[in-house]
Amino acid sequence: MKSSFRPISLLLPTVLAVGFAIVGARAEVRKDATNHWAFHPPVRPVVPTHSSSSWDRNGIDYFVRAKLEKEVLTPSTEADRSTLLRRLYLDLIGLPPTPAEIDAYLNDASPGAYEAVVDHLLDSPHFGERWGRLWLDAARYADSDGFEKDKPRFVWAYRDWVVNALNRDLPYDQFVIEQLAGDLLPDATEQQRVATGFLRNSMLNEEGGVDPEQFRMESMFDRMDCLGKSVLGLTIQCAQCHNHKFDPITQEEYYRLFAFLNNDHEGSMVAYPPNEQMKVANLRRQMQDLEEDLRHRTPDWRTRMNAWEDSVRTNQPEWVVLHAEHEGENGERFYQYSDGSIRASSYAPTLWTAHFVVTNLPASVGAIGAFRLEQLTDPNLPCNGPGRSVKGMSALTEFRVELRASPEDKEAQKVKFASATADFSNPEKELEPEFDDRSGKKRTYGPVAFAIDGKEETAWGIDAGPGRRNQPRKAVFIPEHPLELGKPTAVLHVYLEQSHGGWNSDDNQNHNLGRFRLSVTQATNAVADPIPASVREIFNIAREERSPAQVAAVFRQWRTTVPEFASVNAEIENLWRDWPEGTPTSTLISRHGMGPGEELRETRLLKRGDWLKPADVVQPGVPAALHSLPAGSDSSRLTLARWLVDKRSPTTARVCVNRLWQAYFGTGLVETAEDFGLQSPEPSHPELLDWLACELMDNHWQLKRLHRLVVTSATYRQSSKVTPELYERDKYNRLLARGPRFRVDAEVVRDIALSASGLLNPVLGGRGVYPPAPEFLFQPPTSYGPKTWKEEVGAERYRRSLYVFKFRSVPYPVLANFDAPNGDFSCVRRNRSNTPLQALTSLNEGVFNECARALAGMALSQPAASDEERISSAFRRVLGRWPTPEERVDLLTLLTRAHQRIADGWISAGELATGKSELPRHLPPGTTPAQLAAYTAVSRALLNLDETITKE
Amino acid sequence: MPNRISHLEHAREALRQNITRRWFFKECGVGLGTIALHSLLQNSVTAATSSVANPLEPRPAPFSGKAKRVIYLFMAGAPSHLELFDYKPQLAKFNGTVPPAELLKGYRAAFINPNATLLGPKFKFARHGQSGLELSEVIPHLAGVADDLTVIRSMATDAFNHAPAQIFMNTGSQQFGRPSFGSWVTYGLGSESMDLPAYVVFSTGGKGPSGGASNWGSGFLPTVHNGVLFRNGPEPVLYLNNPAGMDAVLQRDTLDTVRSLNQRHLGIVGDPEISTRIASYEMAYRMQTSAPDLMDLSRESRETLELYGAEPGKTSFANACLLARRLVERGTRFVQIFHESWDHHGGLTGGLKAECGKTDRASAALIKDLKQRGLLDDTIVIWGGEFGRTPMVQGGDDGRDHHPNAFSMWVAGGGFKPGIAFGESDDFGFNAVKDRVHVHDLHATLLHQLGFNHEKLTYRFQGRDFRLTDVFGEVVPGLLA
């Protein structure tokens, strides 16, 4: 049983003894918090220039060399030019250089050649993709909710915001402020509101039977954890349950920070990608122009509008709001608001009937002449509602009411409705594919009469199309005969049948009502008021006190009633049809403190972090051990955001530069990128860390400048070759006597293959994409519910890995196998493993093999080239350098063997060259299927070299 | 244990012949000391970055644990303890009445109304074996191995929604991001298999588990401790098979070329990580043979197939159980089979019959088979869901809601005391009232059997030494032989 591994095993008990240290022992090494370096803001250290050397290129190098001298080590020489170029490309844009780019650089003998490439890459739009990915880890970005349902969510506008912000070098302080509180900035732009999706990236549990408040609190804890790791570099979440054991953060202080975040709606909005923004602005202007023209052509418009207002002001009957209680044990959860409205939340069954009971009917009701159902918007609904579909829409299949004489009465009098009106119904249309219930029936939604027609296939629809969907709507239902309530014990049962969703409640297929309110009137001639409540509210403001926008809103309503404006009205209607769809995206919206649902939450300390054990109320505030809040600060998120990036913050800038350093060198100057507290190991170069932090802050937090500083340093440019002696001295290269060498991140692994093979589709931004993946992953019993993974055909297959749709519960295996985090929680330091599953992935996964075939095709496309030349060119596409003669011989041998296997009939050339049982359709001129196949084998080997997926 | 030893021997032989390694040690000038030191650093804060030595190297536990491996039958969705393991005559007696008010004080339910009435057990119970263990009629095969079971009737958990409760049962925390039990075990013990993953996962139920892949995630532990999903069929591990047209010979040629190029480059740049890459490719190659070999149930005897109710080529819980035995024989440390099919809010009677029909025989077979092969003594078999079900009815007269206060699980082998029912719930099976075993306690006890003090199996992350048991958990001596 002896093997060369035996000695290792024997050593392991010692290893474990170290690893399994006693928790309690840690407390003994507790240091005095006030002396801990990370709790004092960085002070710009003097650059140790006293002993300069020709090696030094910038400030970084002085610090690094000073340490090396202390350790009696010498820095390595500069890496050779092609190695350095590939390193630079992989670091700055996450893609390898093309042969043309390599040639251009190698042929540029000017002294500034390297710096020119640096600038070029910093200006590349791919820079934001590469570095955005790292921030998205910290932001725990994913395209689905997580937990059981793990429904797709729409947040790619936030992802694109991050990429864009880094590309335009948005200063880091602003970068943080916009993500935490972009909505609260003066005149916040749409994009600044999109940025607040950052905190919203928390997971969301909408399985049946949950208490939504419990999982809102879970999200809050997650947001605190995220802030701690990504911005503060402190393990503040330790103080969720008790005072931090090591760092000076009390539990109360945790909840004081928490209080800044605790007064928001879980909002969402329609955002428009860049190409649509232009269109929106254009349409808006055209509509304004048309309205302006109307006013111009109608000099007495104001008088006439006022007359109209006077005529409609009081034309509504008295409505009495009913307080309805949800009956039944399954289904959605309902929030009750003080205005009598109800908001559905959490699990959304797609085919069901909500059952409400109204007891204690107000005596004033008498006989009911009409029922009114208002659908109200709400910041917590998708795109503001009023429905719960992804677009904030609903479809009401049937509106049914029963009257019972008392709660115990089993006999129900079913109300028969004679007519229905609505302020808006969409024209009848078939349900969209996402609402397919697999019944095979034709199901439509449209006029409000569909809600009382007794038919399962029809529903009242409120979809006014893009740009106008998300508004309150109302319907009025008139019973055949006024409904006499009889006894005071009478009970109304209201059934809202919502069976116009899709078959799968585990996906985004609900078409349910969001926030709604029931009311009744004695009037028997009521119709749904065509005038929106928002306009009626303006009616209540004295005319001379109305803002121009309010006047415009009244005008907009009035013009639709004026017969002579018909053609302009129609013109405006036509413009609306061109309005782009946009995309929903998650945001934060502050509760403003006024009105139902806007009440400010008080934050309490939670005993043992348990949301069911609230203790004393705490006020927003910051930990005493950190810098203070400016005097007179309010308790808004904006205050917190500005505090985080205050230059007095001891950790913020350090954490930022350290994470950047970690990405370049594999390990941060502080090894624990997520924790700078008392338990963190000493920084390897404390002065360098502070110097970089000051460089960042003193230069307006410009990140690109910092990147330039790092990659132009001699430290960065060193060769990464290592001698056994140096390796023995410094395994993890903490002393930086050599350049960085480690496997690239998961996304870059895949992007290298795509890029080297010429398949990469470099388009930026947009929805998540679905490259090939085994279908079983998305179906039970692997996935909880069936998920949609519609494999891309064409160029979308080959988009950068940043854009691969991220299901939290079913991570895309190619990336997961190379340690991509799944976004369950904030991650600022990835694992970097080296496993057989990685080997299997790059050897056998479909897209990798498509890349191998494409690379083979490219190698063969050079007319009249020898095999040596072809292999060399493919090698260079992948590795950025020419092969050595020995390497070329190895690959030629493989080529020969492949040819032999094919010639001997063991292998079908067509199959190997196409992946299918067919011959290749497009062969490079003058080549054979056997050649393509043999080159595919060689290309596959190239894509699987250690060096291929390594930054060297 | 002739079978297992031969597999281990085989693995070590393969290792001995690993010319890559030999070349590396001899010619690259990087000595064993270096490698071992890396291994040491694996357990420090540096573990997140690089891994030069194999972090799955088999290693002994700090104490001599009775158990060396685990097979965890995770009954996701939460089976009813009241119909399977915990007979409550009082529940039958008070069927249709409202439970005592004091019982429900402060009780939070997922779905049911506060006024839901009690529902009597749907199945008959009888005593079995020499131990006289009382079990339901719907699990006749388990009844046949009653004397090998350690039934815990006093389990309690903190969560009553599926995803958080499953994550809790698997990681000791309701918050996502902690390492799973299986990951902790491979972190602590490594793996004895050189050509199969250390931690293998199957999913055989009607759905996937609610917690998704995080149920077998490695959390902040190095990602090599992730569970690896296996499935029946021609490609048991993702991307195991060569691309179309690539035959075994050309595959070997390809890998030889890759290795040669990697070795040449290692000679130039000197980074030992390259030798790990070489070793990873070699293990991948071995897995291409060993995984299909593992999955080939046709090599099992007819009696064995019959015992489990396994049918070669099918995807079933029975097949997964048999594969679990084959895996542990080959040195895999931890096998977890998720069978998510037990969420019986309605259709309780029929649902239990169906799911027990799929799982009872194979679960019992696994115990018998491990026992006859001498593997049960040092293998822990665990059976259980994420919580229990309410004594109160839901959905007419044939369903139960989620219930965290009391439920049943069983363990077998691995030094647990066989043929006992441990702990008690109250007359309605509502609260665990005697010898309550919280999830943390179960974890502590399981780790104890594997040779670990659960307070000392830690991993430093974010300045804190994390444990599977958080800051809780006590070993339950009453469960141990």
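Cut-offs applied
- Residues numbered from 1 in each chain as written.
- Chains lettered and ligands numbered in written order.
- Predicted model: local features only at pLDDT ≥ 70, side-chain atom pairs only at ≥ 80, totals over all residues.
- Helix = DSSP H or I, 4+ residues; strand = E, 2+ residues; numbered from the N terminus.
- Rg over C-alpha atoms; globule rule 2.2 N^0.38 Å.
- Buried ≥ 20, exposed ≤ 12 C-beta atoms within 10 Å, placed from the backbone.
- Domains from an automatic or database assignment.
- Contact = placed C-beta atoms within 7 Å.
- Nonpolar A, V, L, I, M, F, W, Y, C, P; charged D, E, K, R; others polar.
- Pairing = 2+ DSSP bridges.
- Expected span 1.5 Å × (residues − 1).
- pLDDT = per-residue confidence, 0-100.
- Axes fitted to C-alpha atoms, helices over the stretch in contact; angles between N-to-C directions.
- Parallel < 35°, antiparallel > 145°, perpendicular 65-115°, else oblique.
- Left-handed = near helix turned anticlockwise from the far one by under 90°.
- Bend = angle between axes of the 7 residues up to and from the residue.
- Core = buried A, V, L, I, M, F, W, Y, C linked by C-beta atoms within 7 Å.

## Quick notes on the overall build of chain A
Stage number 1. Regarding its fold elements, chain A presents 32 helices and 24 strands.
Stage number 2. Taking 952 residues into account, the globule formula puts the C-alpha radius of gyration at 30 Å, and chain A, at 33 Å, falls close to it.
Stage number 3. Looking at the 952 residues of chain A, the share that counts as buried comes to 53%.

## Description of the domain arrangement of chain B
Residues and elements named next belong to chain B.
Stage number 1. Split by domain assignment, chain B resolves into domain 1 (1-37 + 238-309) and domain 2 (68-232 + 314-479).
Stage number 2. Taken over C-alpha atoms, the centre of domain 1 sits 34 Å from the centre of domain 2.
Stage number 3. The partner domain 2 presents 24 residues to the 21 residues of domain 1 that form the contact.
Stage number 4. By residue class, the composition of the side of domain 1 that touches domain 2 is 13 nonpolar, five polar and three charged.

## What to know about the pairing of strand S4 (residues 333-336) of chain A
Working note: regular strand, side chains alternate between the two faces of the sheet.
Stage number 1. In this sheet, strand S5 (residues 342-345) of chain A lies alongside S4 of chain A in antiparallel orientation, the contact comprising four bridges. Note that in S5 of chain A the partner of Gln 336 of chain A across the bridge is Ile 342 of chain A.

## Let's talk about the sheet that holds strand S15 (residues 458-461) of chain A
Stage number 1. The four strands lie next to each other as S9-S15-S14-S13 (chain A), forming an open sheet whose pairing is mixed. At either end of the open sheet lies a strand with only one pairing partner, and these are strand S9 (395-396) and strand S13 (429-430) of chain A.

## A few points about the pairing of strand S10 (residues 400-403) of chain B
Residue and element names in this part refer to chain B.
Stage number 1. Relative to S10, strand S9 (residues 388-393) runs antiparallel, the two sharing three bridges. Residue Val 393 lies in a different strand from S10, and its bridge partner there is Arg 400.
Stage number 2. Between the antiparallel neighbours S9 and S10 lie six residues, among them Gly 395 with a positive phi of about 65°.

## Some words on helix H28 (residues 846-860) of chain A
Stage number 1. Under the 1.5 Å per step criterion, the end-to-end length of H28 of chain A is 21 Å for 15 residues, consistent within 8% with the ideal 21 Å.
Stage number 2. For H28 of chain A, a buried count of 14 out of 15 residues is recorded, marking the element as mostly surrounded by other parts of the structure.

## Overview of the domain arrangement of chain A
Stage number 1. The domain boundaries assigned to chain A delineate domain 1 (6-36), domain 2 (172-272 + 585-618 + 631-645), domain 3 (274-313 + 539-581), domain 4 (320-528) and domain 5 (846-951).
Stage number 2. A C-alpha centroid distance of 53 Å is found between domain 2 of chain A and domain 5 of chain A.

## A closer look at the confidence of the model for chain B
Stage number 1. Residues of chain B with pLDDT of at least 70 account for 89%, and the chain-wide mean is 89.
Stage number 2. With pTM at 0.92, the complex prediction returns an ipTM value of 0.92.

## Quick notes on the sheet that holds strand S6 (residues 352-358) of chain A
All names here are of chain A.
Stage number 1. Pairing is antiparallel across the open sheet formed by five strands, whose spatial order is S3-S6-S18-S10-S11. Each edge of the open sheet carries a strand with a single partner, namely strand S3 (325-327) and strand S11 (413-414).
Stage number 2. As paired strands, strand S10 (residues 398-404) and S11 are joined by two bridges and run antiparallel to one another. Bridging from a neighbouring strand, Glu 402 pairs with Lys 414 of S11.

## Digging into the environment of Glu 178 of chain A
Stage number 1. With respect to the secondary-structure elements, Glu 178 of chain A resides in helix H9 (residues 172-181).
Stage number 2. Taking the C-alpha atoms as reference points, Glu 178 of chain A and Arg 642 of chain A, 464 residues apart in sequence, are found 9.8 Å from one another.

## Some remarks on the packing of helix H30 (residues 885-903) of chain A against helix H32 (residues 929-943) of chain A
Residue and element names in this part refer to chain A.
Stage number 1. At a closest axis distance of 9 Å, the pairing of H30 and H32 adopts a crossing angle of 140°. Between H30 and H32, the crossing angle belongs to the class labelled oblique. Judged by the sense of rotation from one axis to the other, the crossing of H30 with H32 is right-handed. Facing Leu 891, Leu 894, Leu 895, Ala 898, His 899 and Ile 902 of H30, the residues of H32 in contact are Ala 930, Ala 933, Ala 934, Ala 937, Val 938 and Ala 941.

## Remarks on unusual backbone geometry
All names here are of chain A.
Stage number 1. Look at the link from Gly 385 to Pro 386: it is a cis peptide, with omega at 10°.
Stage number 2. Residue position: Pro 386 is located in the loop between strand S8 (370-376) and S9.
Stage number 3. Positive phi is not limited to glycine here, since Asn 384 has a value of about 85°.
Stage number 4. Looking at the element boundaries, Asn 384 is found in the loop between S8 and S9.

## A closer look at the confidence of the model for chain A
Stage number 1. Mean pLDDT for chain A: 93, with 96% of residues reaching 70 or above.
Stage number 2. With pLDDT under 50 throughout, residues 1-30 of chain A is counted as low confidence; its partners more than four residues away or in other chains account for 45 contacts.

## Here we look at the packing of H28 of chain A against H32 of chain A
All names here are of chain A.
Stage number 1. Where H28 meets H32, the closest approach of the two axes is 7 Å, and the angle between their N-to-C directions is 120°. In terms of their interaxial angle, H28 and H32 are classed as oblique. Note that H28 runs across H32; the crossing there is right-handed. Counted together, Phe 848, Asn 849, Cys 851, Ala 852, Arg 853, Leu 855, Ala 856, Gly 857, Ala 859 and Leu 860 of H28 and Gln 931, Leu 932, Tyr 935, Thr 936, Ser 939, Arg 940 and Leu 943 of H32 form the full contact between these two elements.
Stage number 2. Broken down by class, the residue content of the contact of H28 with H32 amounts to ten nonpolar, five polar and two charged.

## Notes on helix H7 (residues 125-138) of chain A
A turn of α-helix holds 3.6 residues, and therefore any two residues three or four places apart point the same way.
Residues and elements named next belong to chain A.
Stage number 1. Over its 14 residues, H7 extends 21 Å from the first C-alpha to the last, a length consistent with the 20 Å expected when each residue adds 1.5 Å.
Stage number 2. Along its length, H7 shows its largest kink, about 30°, at Gly 132.
Stage number 3. The buried fraction of H7 is high, at 13 of 14 residues.
Stage number 4. Remark: Arg 140 follows H7 within two positions and exhibits a positive phi of approximately 45°.

## Describing the environment of Asn 512 of chain A
Residues and elements named next belong to chain A.
Stage number 1. Examined against the element boundaries, Asn 512 turns out to sit in the loop between strand S18 (491-498) and strand S19 (515-521).
Stage number 2. Through-space distance from the C-alpha of Asn 512 to that of Val 711 is 54 Å; in sequence the pair is 199 residues apart.
Stage number 3. In this view, Asn 512 contacts Ala 344, Ala 348, Gly 387, Arg 388, Ser 394, Gln 498 and Gly 501; residues no more than four positions away in its chain are not counted.

## Topic: the nonpolar core
Within soluble globular proteins, side chains that are nonpolar generally end up buried alongside one another.
Stage number 1. Counting residues in hydrophobic clusters, the biggest one holds 332 residues, and the most contacted among them are Val 657, Leu 696, Ala 933 and Val 938 of chain A together with Cys 321, Ala 324 and Ile 337 of chain B.
Stage number 2. Of all the elements, helix H11 (residues 273-295) of chain B adds the most residues to this core, at eleven residues.
Stage number 3. Not counting the four nearest positions on each side in its chain, Ala 933 of chain A is found in contact with Ala 898, Ile 902, Ile 907, Ala 909, Leu 912 and Ala 913 of chain A together with Gly 245 of chain B.
Stage number 4. Counting residues in hydrophobic clusters, the runner-up holds 53 residues, among them Phe 424, Ile 478, Leu 492 and Phe 516 of chain A.

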